[in-house]
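For reference, the chains in residue letters:
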Amino acid sequence: TREMNEEEAYRVDLGQIDFDALREHFRKGRKRTVLEKLKRAIENRLNTMVELNHNRMDYLEKFQEMIKEYNLGSKNIDEFFKELQAFVHELDEEDKRGIREGLSEEELVLFDILTKPEMDLSEKEKAGVKQVARQLLDRLKEEKLVLDWRKKQQTRAMVKLTIETILDNLPRTYAPDIWQAKCDLVFQHVFDHYQDANHSVYAEAG
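Just so it is clear, the model here is predicted, and its values are computed rather than measured.

A word on the confidence of the model for the protein chain. Across the protein chain, the average pLDDT comes to 87, with 90% of residues at or above 70. Under a pLDDT of 50 for its full length, residues 1–13 has, in the predicted model, 12 contacts with residues more than four places off or in other chains.

In structure tokens form, the structure reads like this:
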């Protein structure tokens, strides 16, 4: 039926939504239904984006603040709909950032861990960090992320040593305390996201 087709239209992946059609549904008076579907789609997309890269938490916090302000009555439903559309554009740009940086999703996460929030780097230094991120990911997946590596002290220690060894190639801008903090953050990221070289949240997402 037509109603079922419209319902299905709201269920598609956020990146495939026809915003012209969505605005038409909105214009015809289905404002709250459209708004709720759009909010849910954004929330699902954000959850996936944050799971892949925790450095995107600021997008989730911004979204939650937008909803809070709307619920408090600081903007009407039409204003909120426009704000959500603009926010989707921001998410689209974030999704494309890895391509612009010349990095895969996995490499981008490491790059973000190594550069956010406190590092102010030149373009040459950023290029060096990207190289370190690529090298580290390749070395870990080729040699160190063996089956059940997280369960054994020896294999965990090998992963940690590999991280520290390769991160020693970071630009000299990284003071010793910042370098150590980055080593710890990268290890925790790898521990949380990689079961082994072939099983990770990134392999599942792909």
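What follows is about the packing of aromatic side chains. One pass over the structure, following the stated rule, counts six aromatic pairs. Judged by centre distance (5.8 Å) and plane angle (85°), the rings of W149 and F191 are edge-to-face. With W149 in the loop between α8 (123–144) and α9 (153–167) and F191 in helix α10 (residues 176–193), this pair connects stretches of sequence that are 42 residues apart. By relative accessible area, which is 0% here, W149 ends up buried. Taking 6.2 Å as the distance between ring centres and 35° as the angle between the ring planes, the aromatic pair formed by F187 and F191 counts as tilted. Of this pair, F187 and F191 both sit in helix α10, four residues apart, which is roughly one turn of that helix. Members of the aromatic cluster, joined through ring pairs, are W149, F187 and F191. Against the face of F191 rests R150, its NZ or CZ located 5.7 Å from the ring centre. The side chain of K160 reaches across the aromatic face of F187, ending 5.3 Å from its centre.

Taking 1.5 Å of rise per residue, the 18 residues of α10 would be expected to cover 26 Å, and the 26 Å separating its terminal C-alpha atoms lies within 8% of that figure. All of the buried residues along α10 are W179, K182, C183, V186, F187, H189, V190 and H193. One face of α10 carries all of its buried residues, which in axial projection span an arc of 160°.

What follows concerns the nonpolar core. Among soluble globular proteins, nonpolar side chains are generally buried collectively. I163, L167, V186 and V190 are the most contacted members of the largest nonpolar core, which totals 33 residues. Counting only elements with at least two residues in this core, the list comes to α7 (105–115), α8, α9, α10 and α11 (201–205). The contact partners of L167, leaving out residues within four places of it in the chain, are L114, V132, L136, W179, K182, C183 and V186. Of all hydrophobic cores here, the second largest spans 22 residues; its members include L22, I42, I77 and F87.

Once that is clear, we can look at the pattern of salt bridges. Following the criterion strictly, the structure yields 19 salt bridges and no others. Among the ionic pairs, E90 bridges to K62, the shortest N-O distance being 2.6 Å. Of this pair, E90 sits in helix α5 (residues 77–95) while K62 sits in helix α4 (residues 57–71), placing them 28 residues apart in sequence. Overall, K62 belongs to the partly exposed group, its relative accessible area being 36%. Among the salt bridges present, the one from E93 reaches R100, with a minimum N-O distance of 3.4 Å. With a relative accessible area of 30%, E93 lands in the partly exposed category. What emerges from the salt-bridge pattern is a single network uniting R56, E94, R97, E105, D112 and K116.

Our next topic: the packing of α7 against α8. The contact between α7 and α8 brings their axes to 9 Å, and the two run at 125°. Viewed along their axes, α7 and α8 adopt a mutual orientation that is oblique. Judged by the twist between their axes, the crossing of α7 over α8 is right-handed. Listed contacts from α8 to E106, E107, L110, F111, L114 and T115 of α7 are K126, V129, K130, V132, A133, R134, L136, L137 and K141. The class makeup of the residues in the contact of α7 with α8 is eight nonpolar, one polar and six charged.

Scoring rules and cut-offs
Residues numbered from 1 in each chain as written. Predicted model: local features only at pLDDT ≥ 70, side-chain atom pairs only at ≥ 80, totals over all residues. Heavy atoms only, no water. pLDDT = per-residue confidence, 0-100. Contact = heavy atoms within 4.5 Å. Phe/Tyr/Trp six-rings, centres within 6.5 Å; stacked < 30°, edge-to-face > 60°. Helix = DSSP H or I, 4+ residues; strand = E, 2+ residues; numbered from the N terminus. Buried < 20%, exposed > 50% of the residue type's maximum accessible area, 1.4 Å probe, protein only. Lys NZ or Arg CZ within 6 Å of the ring centre and 35° of its normal. Expected span 1.5 Å × (residues − 1). Arc of directions from axis to C-beta. Core = buried A, V, L, I, M, F, W, Y, C linked by side-chain atoms within 4.5 Å. Salt bridge = Lys/Arg side-chain N within 4 Å of Asp/Glu carboxyl O. Axes fitted to C-alpha atoms, helices over the stretch in contact; angles between N-to-C directions. Parallel < 35°, antiparallel > 145°, perpendicular 65-115°, else oblique. Left-handed = near helix turned anticlockwise from the far one by under 90°. Nonpolar A, V, L, I, M, F, W, Y, C, P; charged D, E, K, R; others polar.

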